[in-house]
Amino acid sequence: MGKGERKQEGERLTLTVRQLAEMLGCPFEGDGEVRIRDVSSLEMAGEGDIVFLGQAKLRKKLEETRASAAIIPPGESFRRIPVLIAENPQLAFVRAVEIFFKPYRLEPGVHPSAQVAPTAKLGKDVAVGALSVVGDDAEIGEGTIIFPLVIIYPRVKIGEGAVIHSHVSIREGVRVGNRVIIHNGAVIGSDGFGYIKMENGSYRKIPQKGTVVIEDDVEIGANTAVDRAALGETLIRRGVKIDNLVQVAHNVEIGENAILTGQVGIAGSSRVGKNVVMGGQAGVADHVNVGDNATIAAQSGIHKDIPAGAIVAGTPHLDIREAAKIWALMPQLHDFVKDMKRLKARVEELEKLIKNKS
Amino acid sequence: MGKGERKQEGERLTLTVRQLAEMLGCPFEGDGEVRIRDVSSLEMAGEGDIVFLGQAKLRKKLEETRASAAIIPPGESFRRIPVLIAENPQLAFVRAVEIFFKPYRLEPGVHPSAQVAPTAKLGKDVAVGALSVVGDDAEIGEGTIIFPLVIIYPRVKIGEGAVIHSHVSIREGVRVGNRVIIHNGAVIGSDGFGYIKMENGSYRKIPQKGTVVIEDDVEIGANTAVDRAALGETLIRRGVKIDNLVQVAHNVEIGENAILTGQVGIAGSSRVGKNVVMGGQAGVADHVNVGDNATIAAQSGIHKDIPAGAIVAGTPHLDIREAAKIWALMPQLHDFVKDMKRLKARVEELEKLIKNKS
Amino acid sequence: MGKGERKQEGERLTLTVRQLAEMLGCPFEGDGEVRIRDVSSLEMAGEGDIVFLGQAKLRKKLEETRASAAIIPPGESFRRIPVLIAENPQLAFVRAVEIFFKPYRLEPGVHPSAQVAPTAKLGKDVAVGALSVVGDDAEIGEGTIIFPLVIIYPRVKIGEGAVIHSHVSIREGVRVGNRVIIHNGAVIGSDGFGYIKMENGSYRKIPQKGTVVIEDDVEIGANTAVDRAALGETLIRRGVKIDNLVQVAHNVEIGENAILTGQVGIAGSSRVGKNVVMGGQAGVADHVNVGDNATIAAQSGIHKDIPAGAIVAGTPHLDIREAAKIWALMPQLHDFVKDMKRLKARVEELEKLIKNKS
């Protein structure tokens, strides 16, 4: 097993219900000696699997499951198979997944085909996969895994325990925090889109001198792009989760624990507050401030500031209650217009009648 | 010519009209000895080119073309140059394109700079290009071509006759069928976007333990992302065609022969039926069922189930006939509202008149 | 310092205000001996930085800046620190940025780990970074920089002074002009999305025999995709600027100096005129003609031709003035409908009154 190659997959782990319950800190009922070897969904489970009941409406599927054990909430009476009782069954299940399933990672070490600059500093137990490039003066923190075919441009700093998947580009001078996960094909630190219009109609590039800072515990999806700032930093704060194919333009700031789902776009210099949730394909125009805890429906277009806690939808966006009223009206609009035209005719008739009487 | 390098481009093929007509199984009229060396469009054709008449409205362009032969439908009287007569001229033309034009491919063999794990199994006549990585226990079927700079993570299975372009990432354990084409930069099997919200507002990652299955004859566009399932499979069924920059989230199923055009997004656990056609930038929300044979207009937002055969448009989506009525009304809406305000004044006037008379 | 590696970063440049003013061709006022070492924004500047006043409304920030000098427009009276006076302060500032900031580039030369075909032709001072692939018969013009992990397929031609970032794919036969910049992960020349529907419901691929031509001075953003033509060329004309994650389909033509911002999509065979500006996530349907100098608002859907100079918004698009009227009405629509229902009741009442009187 060479360096920078995959971890040996060991024997499959088997735990009794009793052992698993102890590891999860949950009480259990039923046969504690039943053996659990994997996690599964209610529909697909078989012998040796543990499942969970996340919503009361899935109870029927629970009754029909072929799993060997289930994680259920306190009020639930189901006992056909051994059960673990958890306040948050989904969370307990996720911890069970983490026990039985280890995502594919590389062993520490630098693959001989990787191109690591002599001036780069690699922490303890760093893995650099085959055919990856680590540039001059880059710093990679302890335990971070760089998959094959990654490019780390010079002067990049990556924290500890990060995972950088194949075909990611991290451009010069970008800073990436601890435990950050970046999926395949994402680009961090490409030039922001900035030009001056010249008198002859052509555009002159504004050099993008700034950088990107990704704080700890951020996850960035496949083929997402985060541009470097013109001056200063594009900033993705701690705990932000970004899905695939998202565009984050230069000088944007995304607040702590915000969620940007697939194909969202944030234009230049905008600020998205903490805990904001944006639905798929939604967009925020440039120089806009999205308040903390706001929720933005899928495909919305945010053209101006929205206050903290707002829930908005539509292009241009409206308060969700206004938008919902409009959506309800739309299918009736045609009939309404016809109705009003008839009303107009009736008013004309009345006017004639009155006039004739006068 | 080294292994894993390009095929030698041979002498250019020349066929007579008679030979080409035989190969395509079409009758011809005119000089069967005219020599054809290439295919072209009506506008750009020159001597030696064959063209086709796809729509009657292009007849004028056919009359002006400098091509040496044309493929025309049975009813067409044009005879200025030799003609091949085909029930489906476009299909006959595509077959002619396939005769004269061979897309660039690699010669079988593994390039010496590629990193292929000793435990990977390569079928007969597989090509692995320069600087590609094939992980442990991966299986690549006969005749499949892996272009340079591709990453195949461990335990991936790819069928026969597939074409994987440069900078594609195929993540651990993904299964890809026969004759699948994946264009540059696409990512298959990145983690699904799944988190549990914790009490302190942060998100905990739900491990994405599942995989992706791509059935036979699928084509996937450049920089498209298809996420692996949380549990189970994300499933792209036989014959599906996916354009560039499309997002397919975890646990989605796309039915046979569905068409997802550029920048479409499908959120988690949704099912798109067979033969569905989605226009560009359209989106489907999570846990939604799109019925077989449905058609979804560009930029639509599908927020709830739509029945088989439905044709829908808009965000939130409406039946296309309702949507079309609304679109027709929109430009008149402002005048209509003004008109109604005047009507209201007239009614007030009438009310006064009546009241005064009483 | 090996070939194809980074340029040595020299000593930091220091200029006096007088020297900088001379280089920019601007008059200055105040102490010409003040030393300038960098550019910055009004907020972030410190000692040794020069800033600029782009908009009158930022004057307060100028007064508070800690910069050592400022570029201001002719009418501006601010003199607290040395000032350079420029007709276009932003343009003068950009030229100052170019003086103090050199973006990271590679030294000329071919990195020993790169795979360059013996038949490829590299101009003077070309750089090919680590682990890049340059295919047979490719031609790279003088001074062009190919970053690491790039794939240049066979027969590609790239002009002089171009910059191709890591993980870019340039497919077979594509032509790229002088001074073109292509950011990470972009794909140029992937197959267009073209199929014939067969009688059994499956789709048969139409071979994409054409190519892509990128003229001089184009910039293309990260993870953008530009498809090759079915026949002929997809054409990106001189000076076009394309942002990240943009989709340009086969046989499209983008006119000179057009601007396509993030996540824009242009469907097959459409033509976007010169100087057009498209906002983020806007889309153009297939076979549509967008006239020169048109402006398209973010998220608009262009379903049919628009004339030169048009300003449009919405899906389906409307003239911006009509769209703005509708946006203004939308929040009132619900009340308006209720109002009209009351009006209808009043008319019915009037009708009864009249009838009773008759």
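Residues numbered from 1 in each chain as written. Chains lettered and ligands numbered in written order. Predicted model: local features only at pLDDT ≥ 70, side-chain atom pairs only at ≥ 80, totals over all residues. Heavy atoms only, no water.

1. Let's talk about the overall build of chain A
Next, step 1: Each helix and strand counted, chain A has four helices and 40 strands in total.
Next, step 2: In terms of C-alpha radius of gyration, chain A reaches 28 Å, well past the compact-globule figure of 21 Å for 358 residues.
Next, step 3: For the C-alpha atoms alone, the extent of chain A along its principal axes is close to 105 × 70 × 30 Å.
Next, step 4: Taken across its 358 residues, chain A has 59% of its residues classed as buried.
Next, step 5: Within chain A, residue pairs in contact and separated by at least 24 positions form 20% of the contacts whose partners lie at least 6 positions apart.
Next, step 6: Entry remark: accessible area of chain A is about 14200 Å², with carbon and sulfur atoms responsible for 50%.
Next, step 7: The averaged location of the 45 negative side-chain charges in chain A is 6 Å from the averaged location of its 45 positive side-chain charges. (Helix = DSSP H or I, 4+ residues; strand = E, 2+ residues; numbered from the N terminus. Rg over C-alpha atoms; globule rule 2.2 N^0.38 Å. Buried < 20%, exposed > 50% of the residue type's maximum accessible area, 1.4 Å probe, protein only. Contact = heavy atoms within 4.5 Å. Areas by Shrake-Rupley, 256 points an atom, 1.4 Å probe, with all protein chains shown as cover. Lys, Arg positive; Asp, Glu negative; His and termini not counted. Charge placed at Lys NZ, Arg CZ, Asp CG, Glu CD.)

2. Observations concerning the sheet that holds strand E35 (residues 283–284) of chain B
Hydrogen bonding along the main chain pairs the strands of a sheet, whether they run parallel or antiparallel.
All names here are of chain B.
Next, step 1: The parallel open sheet is built from 10 strands, whose spatial order is E9-E12-E15-E18-E21-E26-E29-E32-E35-E38. Among the strands making up the open sheet, the edge pair consists of strand E9 (115–116) and strand E38 (301–302).
Next, step 2: Relative to strand E29 (residues 247–248), strand E26 (residues 225–227) runs parallel, the two being bridged by two bridges. Within the sheet, the bridge partner assigned to Ala225 lies in E29 and is Gln247. (Pairing = 2+ DSSP bridges.)

3. Here we look at the sheet that holds strand E14 (residues 145–146) of chain A
All names here are of chain A.
Next, step 1: Strand order in the open sheet formed by 12 strands is E8-E11-E14-E17-E20-E25-E28-E31-E34-E37-E39-E40, and the pairing between neighbours is mixed. Of all strands in the sheet, those with a lone pairing partner are strand E8 (109–110) and strand E40 (318–319), marking the two edges.
Next, step 2: Bridge analysis of strand E28 (residues 241–242) against strand E31 (residues 259–260) gives two bridges, and the strand direction is parallel. Its bridge partner being in E31, Lys241 is matched across the sheet by Ile259.

4. Considerations on the packing of helix H1 (residues 17–24) of chain B against helix H3 (residues 89–100) of chain B
Residues and elements named next belong to chain B.
Next, step 1: Close contact between H1 and H3 brings their axes to 10 Å; oriented N to C, the two are set at 115°. Between H1 and H3, the angle falls in the class roughly perpendicular. For the pair H1 and H3, the sense of crossing is right-handed. For the pair H1 and H3, the contacting residues are Leu20, Met23 and Leu24 in the first and Ala92, Arg95, Ala96, Ile99 and Phe100 in the second.
Next, step 2: Split by residue class, the contact of H1 with H3 holds seven nonpolar, no polar and one charged. (Axes fitted to C-alpha atoms, helices over the stretch in contact; angles between N-to-C directions. Parallel < 35°, antiparallel > 145°, perpendicular 65-115°, else oblique. Left-handed = near helix turned anticlockwise from the far one by under 90°. Nonpolar A, V, L, I, M, F, W, Y, C, P; charged D, E, K, R; others polar.)

5. Re the interface of chain A and chain B
Size of an interface, as often reported, equals the accessible area lost when the parts are brought together.
Next, step 1: Contacts between the two partners involve 66 residues from chain A, matched on the other side by 73 residues from chain B.
Next, step 2: Carbon and sulfur atoms supply 65% of the area buried between chain A and chain B, which totals about 5500 Å² over both sides.
Next, step 3: Sorting the residues of chain A by area buried against chain B places A:Tyr104, A:His167 and A:Ile354 first, and these three jointly supply 10% of that buried surface.
Next, step 4: There are six salt bridges connecting chain A and chain B.
Next, step 5: A salt bridge links B:Arg204 to A:Glu98; its shortest N-O distance comes to 2.7 Å. (Buried area = accessible area lost by both parts, 1.4 Å probe. Salt bridge = Lys/Arg side-chain N within 4 Å of Asp/Glu carboxyl O.)

6. Some details on the pattern of salt bridges
Residue and element names in this part refer to chain A.
Next, step 1: This model, assessed by the stated rule, comprises 76 salt bridges over all chains.
Next, step 2: Note that Arg79 and Glu29 form a salt bridge whose closest N and O atoms lie 2.9 Å from each other. Of this pair, Arg79 sits in the loop between strand E6 (69–72) and strand E7 (83–85) while Glu29 sits in strand E2 (residues 28–29), and the two are 50 residues apart along the sequence.
Next, step 3: A residue is classified by how much of its surface remains accessible, and Arg79, at 34% relative accessible area, is partly exposed.

7. Description of the environment of C:Gly30
Next, step 1: Turning to its location among the elements, C:Gly30 is positioned in the loop between strand E2 (28–29) and strand E3 (35–36).
Next, step 2: For the pair formed by C:Gly30 and C:Pro82, sequence separation is 52 residues and the distance between their alpha carbons is 4.3 Å.

8. A few points about unusual backbone geometry
The phi angle of most residues is negative, glycine excepted, and most peptide bonds adopt the trans form.
Next, step 1: Of note, the amide linkage connecting A:Thr315 to A:Pro316 takes the cis form, showing an omega dihedral of -10°.
Next, step 2: Structurally, the position occupied by A:Pro316 is in the loop between strand E39 (311–313) and E40.
Next, step 3: Of note in this structure, B:Asp137 is not a glycine but carries a positive phi near 60°.
Next, step 4: With a phi close to 65°, C:Asn293 is a non-glycine residue in the positive phi region.
Next, step 5: Note on placement: C:Asn293 falls in the loop between strand E36 (289–290) and strand E37 (295–296).

9. Looking at the relation of the copies chain C and chain B
Next, step 1: Superposing chain C onto chain B takes a rotation of 120° combined with a translation of 0.0 Å along the rotation axis, leaving an RMSD of 0.1 Å. Taken together, these values place the two copies in the relation of a three-fold axis. (Least-squares fit on C-alpha atoms with pLDDT ≥ 70 in both.)

10. Some details on the domain arrangement of chain A
Next, step 1: Considered domain by domain, chain A is made up of domain 1 (7–100), domain 2 (109–321) and domain 3 (327–358).
Next, step 2: Centre-to-centre, using C-alpha coordinates, domain 1 of chain A lies 37 Å away from domain 2 of chain A. (Domains from an automatic or database assignment.)

11. Focus on the pairing of strand E6 (residues 69–72) of chain B
All names here are of chain B.
Next, step 1: Going residue by residue along E6, you find Ala69 and Ile71 tucked away on one face and Ala70 and Ile72 tucked away on the opposite face as well.
Next, step 2: Where strand E5 (residues 49–52) meets E6, three bridges bridge the pair, whose relative direction is parallel. From the neighbouring strand, Val51 faces E6, where its bridge partner is Ala70.
Next, step 3: Viewed along the sheet, the connection from E5 through helix H2 (residues 59–64) into E6 turns out right-handed.
Next, step 4: As defined by bridge partners, E6 adjoins strand E7 (residues 83–85) across three bridges and the pair is classed as parallel. Counted as the bridge partner of Ile72 is Ile85 from E7. (Right-handed = clockwise from strand over helix to strand, strands pointing away.)

12. Regarding the side chain of C:Ser132
Next, step 1: As for its position among the elements, C:Ser132 is in the loop between strand E11 (127–128) and strand E12 (133–134).
Next, step 2: Within the structure, the side chain of C:Ser132 is placed 3.0 Å from the backbone nitrogen of C:Leu149, a separation counted as a polar contact.
Next, step 3: In this structure, C:Ser132 is in contact with B:Leu131, C:Ala114, C:Gln115, C:Ile146, C:Phe147, C:Pro148, C:Leu149 and C:Val150, ignoring residues within four places of it in sequence. (Polar contact = N/O pair within 3.5 Å; in protein donor to acceptor, adjacent residues only side chain to side chain.)

13. Observations regarding the interface of chain C and chain B
Next, step 1: With 72 residues of chain C at the interface, the matching set in chain B holds 65 residues.
Next, step 2: Interface area for chain C against chain B, summed over the two sides, is near 5500 Å², with a carbon-plus-sulfur share of 65%.
Next, step 3: If you sort the residues of chain C by the area they bury against chain B, C:Phe193, C:Tyr203 and C:Lys209 come out on top, with a joint share of 12%.
Next, step 4: Between the two partners, chain C and chain B, sit six salt bridges.
Next, step 5: Across the salt bridge formed by C:Lys209 and B:Asp38, the nearest N and O atoms sit 3.2 Å from each other.
Next, step 6: Our count for the chain C to chain B interface comes out at 29 residue pairs in polar contact (both at pLDDT 80 or more).

14. A few points about the pairing of strand E24 (residues 211–214) of chain A
Residue and element names in this part refer to chain A.
Next, step 1: Of the two faces of E24, the one holding Thr211 and Val213 and the one holding Val212 and Ile214 are both buried throughout.
Next, step 2: Here strand E19 (residues 175–176) pairs with E24 via two bridges, running parallel. Considered in E24, the bridge of Val176 is made with Ile214.
Next, step 3: Relative to strand E27 (residues 233–236), E24 runs parallel, the two sharing four bridges. When the sheet's bridge partners are listed, Val213 is paired in E27 with Leu235.

15. Some remarks on the side chain of B:His111
All names here are of chain B.
Next, step 1: In this structure, His111 sits in the loop between strand E8 (109–110) and E9.
Next, step 2: On the basis of relative accessible area, His111 is assigned to the buried category, the value being 8%.
Next, step 3: A polar contact is formed between the side chain of His111 and the side chain of Ser113, at a distance of 2.8 Å.

16. Re helix H3 (residues 89–100) of chain C
Residues lying three or four places apart along an α-helix face the same way, a consequence of the helix completing one turn every 3.6 residues.
Next, step 1: When the terminal C-alpha atoms of H3(C) are compared, their 16 Å separation across 12 residues agrees well with the 16 Å that a helix rising 1.5 Å per residue should span.
Next, step 2: All buried positions along H3(C) are accounted for by C:Pro89, C:Leu91, C:Ala92, C:Phe93, C:Val94, C:Ala96, C:Val97, C:Ile99 and C:Phe100. (Expected span 1.5 Å × (residues − 1).)

17. Examining the packing of aromatic side chains
Next, step 1: The full count for this structure, using the stated rule, is 21 aromatic pairs over all chains.
Next, step 2: Considering the side-chain rings of A:Tyr153 and C:Tyr104, the 6.0 Å spacing of their centres and the 70° angle between planes classify their relative orientation as edge-to-face. With one member in each of two chains, A:Tyr153 in the loop between strand E15 (151–152) and strand E16 (157–158) and C:Tyr104 in the loop between H3 and strand E8 (109–110) form a pair that bridges those chains. Neither A:Tyr153 nor C:Tyr104 differs from the other in exposure class; each is buried.
Next, step 3: Aromatic side chains A:Phe336 and C:Phe336 sit 6.1 Å apart centroid to centroid with 80° between the ring planes, which places their arrangement in the edge-to-face category. In this pair, A:Phe336 sits in helix H4 (residues 320–357) while C:Phe336 sits in helix H4 (residues 320–357), so the two residues belong to two different chains. (Phe/Tyr/Trp six-rings, centres within 6.5 Å; stacked < 30°, edge-to-face > 60°.)

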